[in-house]
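Residue strings, one per chain:
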Amino acid sequence: MNVMMMMKGSCFMNNKNVIIVMVMLIIRGGHGDGDALRHGFYRNSCPHAESIVQNSIWKSVSNNPHLSAKFLRMHFHDCFVRGCDASILLDSTPNSKAEKRASPNQSLTGYKVIEDIKTQLEQTCPGVVSCADIVALAARDAVSFQFGKHLWAVQTGRRDGHISRASEAETNIIPPTSNFSTALQGFTSKGLALRDLVVLTGAHTLGFGHCKFFNHRLYNFTGKGDADPSLNPTYAAFLKRRCPRRSANTTAVSMDESPHFFDAGYFVNLVKNRGLFQTDAALMTDNQAAAVVNDMLVPGSFYRQFAGSIIKMGRIQVLTGTEGEIRKKCNVVN
């Protein structure tokens, strides 16, 4: 009888373990196996992969400083739609409008640079390096160019997705007109935290914002022809000069005083109520978020925490192992 009880107990434990493993696999399948990513994934299969990406990105950013913000934003917008699977790079098909054609991605550029890098890698190591990893590496290298060294180590091993829908980009990419709760929900839905929201929004230290995305803060904030009362009056006057009521959609304003330099200037502006977008200003409407903003003013803090948060973002719903594919060209599926 004791033997039978032991056998029954053993079977119960085995079944319980199987159930636990199955649940874990389901959870991983839903959110992507970020644990499968690792540093140096291509060390043996394509040892020069990262240097090929870096050399191309650094050369491109050197010739066109605007690209540093573009490549960083490309990584963000890729990861927030279907995870970091290079769906942002796919072209539209007769039956489907692709992510890159969605309104939040209309101002993205740099696709040709990514495709040129892919061509080099296919010549060196055919069918090995994913477009998703190229996007992640390009973002790191674009930011790091000004420092002459990497600000964070990119975990690689992503594979490429097959689907790209503009409608999903419209739904998942957080609009610059969002309030704090909407922005936070957008981040937490991807497994990111409040601190990640504040730190990663610091990417707005690079690049420019188009007037159409913040004109409502200047001329019609509550629908009565008024300005956003939280906006620094001097800054509001400056923005009105740059963005008249009927300014062209192509008119843009720098996100901070050094739009091509990755630094904590963005957070300095926030505490002065000089956030350009409503999503920027919203960070100061929440006590916890405002506390993180002040943390970013400590010298060196922004660089360290941005590195941790963007590595975390780069693990969102990744495809690994035998999932997805390694595209031969980044703009079309195999």
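As the structure is a computational prediction, the values presented were derived from the model and not from experiment.

About the thresholds
- Residues numbered from 1 in each chain as written.
- Predicted model: local features only at pLDDT ≥ 70, side-chain atom pairs only at ≥ 80, totals over all residues.
- Heavy atoms only, no water.
- Helix = DSSP H or I, 4+ residues; strand = E, 2+ residues; numbered from the N terminus.
- Buried < 20%, exposed > 50% of the residue type's maximum accessible area, 1.4 Å probe, protein only.
- Contact = heavy atoms within 4.5 Å.
- Areas by Shrake-Rupley, 256 points an atom, 1.4 Å probe, with all protein chains shown as cover.
- Axes fitted to C-alpha atoms, helices over the stretch in contact; angles between N-to-C directions.
- Parallel < 35°, antiparallel > 145°, perpendicular 65-115°, else oblique.
- Patch = residues over 30% accessible without salt bridge, like charges linked within 9 Å, V, L, I, M, F, W, Y side chains within 5 Å.
- Salt bridge = Lys/Arg side-chain N within 4 Å of Asp/Glu carboxyl O.
- 1 Å grid on protein atoms, 1.4 Å probe; cavity = no way out; pocket = protein on both sides within 12 Å on 5 of 7 lines; lining within 4 Å.
- Points joined across faces, edges and corners; volume = space filled by probe spheres on them.
- Nonpolar A, V, L, I, M, F, W, Y, C, P; charged D, E, K, R; others polar.

A closer look at the overall build of the protein
Counting its regular elements, the protein contains 14 helices and two strands. The buried share among the 334 residues of the protein stands at 48%. In the protein, the proportion of contacts linking residues at least 24 apart, taken out of those at least 6 apart, comes to 76%. Of the roughly 16200 Å² that the protein leaves accessible, carbon and sulfur atoms contribute 57%.

Focus: the packing of helix 3 (residues 67-79) against helix 14 (residues 301-313)
The contact between helix 3 and helix 14 brings their axes to 10 Å, and the two run at 45°. One finds that helix 3 runs oblique with respect to helix 14. Residues Leu72, His75, Phe76 and Cys79 of helix 3 form the contact with helix 14, whose own contacting residues are Phe306, Ile310 and Met313.

Details of a nonpolar patch on the surface
Together, Val268, Val271 and Leu297 line one region of the surface with nonpolar side chains, adding up to about 190 Å² of accessible area. Counting through the fold element by element, valine 268 comes out in helix 11 (residues 265-270). We classify valine 268 as partly exposed; its relative accessible area is 33%.

A word on empty space enclosed by the protein
Taken as a whole, this structure holds two cavities of 30 Å³ or more when the rule is applied. Empty space within the largest cavity amounts to approximately 80 Å³. Together, His75, Ala136, Trp152, Ala153, Val154, Gln155, Arg158, Ile310, Ile311 and Gly314 line the largest cavity. In terms of residue class, the lining of the largest cavity is built from six nonpolar, three polar and one charged. Taken together, the residues that form the lining of the second largest cavity break down as three nonpolar, three polar and two charged.

Some thoughts on the environment of proline 126
Mapped onto the secondary structure, proline 126 falls in the loop between helix 4 (111-124) and helix 5 (131-144). Judged by its relative accessible area of 57%, proline 126 is exposed. On a C-alpha basis, the gap between proline 126 and cysteine 46 in space is 9.2 Å, while along the polypeptide they are 80 residues apart.

These values are about where atoms sit, not about what they do.
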